[in-house]
Amino acid sequence: MKSFAFPGGKKQTVLLICSVLLGIVIASFSMWALARGVSDKNIAFASAQNYPHSRSQLMEGVHNKDAANYFSDPVHTDQMMIYDHLDQAKKIKSNQQIQIPILVYHSIADNPSNPYCTNPSVFDAEMRHLKDTGYTTITFGDLESAWLQGSKLPQRPIIVSLDDGYADNYTNAFPVLQKYNQKATIFMVTGFAAQTINQMNHLDWDQLREMQNSGVIDIQSHSVHHLDMTQLSDEQLKHEVVDSKAELEKKLGKPVTIFCYPFGAYNDKVKKMLKDSGYLFAATTNEGAAAIGQGDLALDRYHVNGVVTPAMFAARFP
Ligand SMILES: [Zn+2]
């Protein structure tokens, strides 16, 4: 029986057809890739997304190789950058699941008839309780680093805030915070600096500067005149938001990115003005722990003031 074989000419024809088909496939893929902007980086990104390991595991994997040589390849460098981004995104996501209690105080003075005044000995007891129970007082800057950049949060983070900028914050709160090595944020009404309003003295610029420079207290904005922000004209609103920030930044020589709404009043227009003016977070008077889901510009806080006794405080923050 005659064995089956293509004659030489037919073999060449088949090879030619195969080559043409392969060429068409390659050309089509290239055009598709070009159209979609697929580069080495995209391909590396796609593979990194599917890669189950972390950056550190990848590093372990290349430990025995010549690392310098390995990362001289731009695809590998891109991949490492992507791992860094993915790791950072993971850290940010996990940090954003952590709710942060933000405490609200106003005046720290012995004035039992005023519910906004906390007795200095009560403030001392509450700060000592936080220390004894392992809370770490952080600033909004720390919160910003954790929620927006993925920096590690300390153990049991909590923010202590004091609204309005009463002079007794300097005489009665500052020494207690220094004693326990704790941090706090003062929301200053810039137009009230060194003024006596309703028989309450307010901080002057020397005191504000000294506290800011101590590293214990961070000063942020509580507007210029402490007005209901939802009732202002565009021009007034801009003045309260922009000029309070500018004055604090100029006189204290540091960025001001946190706002506290006077009377806790805000709406979308006020929030937009804050965002457009460079604020990152804003504190409300809504009761509860701050969570990223509330939105950067509407963070809840816990009222402490003068109405919460040390026993109530210890029960709420065990
Ligand atoms: Zn206020």
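Values in this document were obtained by computation on a predicted structure and should not be read as measured data.

Caption draft 1: Region of the structure containing the overall build of the chain. Counting secondary structure elements, the chain contains 12 helices and 12 strands. Residues counted as buried form 31% of the 318 residues belonging to the chain. Restricting the contact set of the chain to residue pairs at least 6 apart, pairs at least 24 apart contribute 66%.

Caption draft 2: Spatial organisation of the environment of Leu-208. The residue Leu-208 is located in helix H9 (residues 205-214) in this model. Those residues within four positions of Leu-208 in sequence are excluded, and the remaining contacts are Met-188, Leu-203, Ile-219 and Leu-252.

Caption draft 3: Region of interest: the packing of helix H6 (residues 120-132) against helix H8 (residues 168-179). At their nearest, the axes of H6 and H8 sit 10 Å apart, and the two run at 25 degrees to each other. Regarding the angle of H6 to H8, the classification is roughly parallel. Read as a crossing pair, H6 and H8 show a hand that is right-handed. Each of Pro-120, Phe-123, Asp-124 and Met-127 in H6 lies in contact with H8, whose residues at this interface are Asn-172, Ala-173, Val-176 and Leu-177. Classifying every residue of the contact of H6 with H8 by side-chain character gives six nonpolar, one polar and one charged.

Caption draft 4: Fine view of helix H7 (residues 140-149). For H7, the set of buried residues is Phe-140, Asp-142, Leu-143, Ala-146 and Trp-147. Summarising the axial view, the buried residues of H7 lie within an arc of 150 degrees, below the 170-degree limit, and thus occupy one face. Here the buried face of H7 lies against helix H5 (74-96), strand E5 (157-164), strand E6 (184-188), strand E9 (217-221), strand E10 (258-260) and strand E11 (281-287). Gly-150, located one to two residues past H7, shows a positive phi value of around 90 degrees.

Caption draft 5: Representation of unusual backbone geometry in the model. Positive phi, normally seen in glycine, also occurs at Asp-164, with a value near 90 degrees. The buried category is assigned to Asp-164, around which 22 C-beta atoms lie within 10 Å. Positive phi is not limited to glycine here, since Ser-223 has a value of about 80 degrees. The exposure class of Ser-223 is buried, given the 25 C-beta atoms found within 10 Å.

Caption draft 6: Here's a closer look at helix H10 (residues 234-252). Between its first and last C-alpha, H10 extends 27 Å over 19 residues, near the 27 Å set by a 1.5 Å rise per residue. In this structure, the buried side of H10 is in contact with E6, E9 and helix H11 (268-276). Immediately downstream of H10, the backbone of Gly-253 shows phi near 65 degrees, a positive value.

Caption draft 7: Fine view of the nonpolar core. Formed by 58 residues in total, the largest nonpolar core has its most connected members in Leu-103, Ile-159 and Ala-282. Ignoring anything within four residues of it in the chain, the contact list for Leu-103 reads Ile-158, Ile-159, Val-160, Ser-161, Arg-301, Tyr-302 and Val-304.

Caption draft 8: Focus on the environment of Lys-271. Looking at the element boundaries, Lys-271 is found in helix H11. Separated by 27 residues in the primary sequence, Lys-271 and Ala-298 place their C-alpha atoms 8.3 Å from one another. Excluding anything up to four places from it in sequence, Lys-271 contacts Tyr-266 and Leu-297.

Caption draft 9: Structural context of the pairing of strand E1 (residues 102-105). Where burial is concerned, the two faces of E1 agree: the one with Ile-102 and Val-104 and the one with Leu-103 and Tyr-105 are both buried. For E1 and strand E12 (residues 299-303), the ladder comprises two bridges, and the chain directions are parallel. Paired with Val-104 across the two strands is His-303, which belongs to E12.

Caption draft 10: Seen up close, the environment of His-202. Mapping His-202 onto the fold places it in the loop between strand E8 (200-201) and H9. Among the residues examined, His-202 registers 23 C-beta atoms within 10 Å and is labelled buried. Considering only alpha carbons, one finds His-202 and Met-188, 14 residues apart in sequence, at a separation of 9.1 Å. Those residues within four positions of His-202 in sequence are excluded, and the remaining contacts are Gly-165, Tyr-166, Ala-167, Phe-192, Ala-193, Ala-194, Gln-195 and Ile-197.

Caption draft 11: Focus on the packing of H10 against H11. Where H10 contacts H11, the axes come no closer than 10 Å and their chain directions differ by 45 degrees. The angle between the axes of H10 and H11 places the two elements in the oblique class. When the axes of H10 and H11 are compared, the crossing they make is right-handed. Across from Leu-237, Lys-238 and Val-241 in H10, the residues of H11 making contact are Val-270, Met-273 and Leu-274. In terms of residue class, the contact of H10 with H11 is made up of five nonpolar, no polar and one charged.

Caption draft 12: Structural detail: the pairing of E9. In terms of burial, E9 is largely enclosed, as five of its five residues are buried. Side chains Ile-217, Ile-219 and Ser-221 of E9 all project onto a buried face; the interleaved residues Asp-218 and Gln-220 project onto the opposite face, where all are buried too. By the bridge criterion, five bridges tie E6 to E9 in an arrangement that is parallel. Bridged to Phe-187 within E9 is Gln-220.

Reading the values: rules and limits
- Residues numbered from 1 in each chain as written.
- Predicted model: local features only at pLDDT ≥ 70, side-chain atom pairs only at ≥ 80, totals over all residues.
- Helix = DSSP H or I, 4+ residues; strand = E, 2+ residues; numbered from the N terminus.
- Buried ≥ 20, exposed ≤ 12 C-beta atoms within 10 Å, placed from the backbone.
- Contact = placed C-beta atoms within 7 Å.
- Axes fitted to C-alpha atoms, helices over the stretch in contact; angles between N-to-C directions.
- Parallel < 35°, antiparallel > 145°, perpendicular 65-115°, else oblique.
- Left-handed = near helix turned anticlockwise from the far one by under 90°.
- Nonpolar A, V, L, I, M, F, W, Y, C, P; charged D, E, K, R; others polar.
- Arc of directions from axis to C-beta.
- Expected span 1.5 Å × (residues − 1).
- Core = buried A, V, L, I, M, F, W, Y, C linked by C-beta atoms within 7 Å.
- Pairing = 2+ DSSP bridges.

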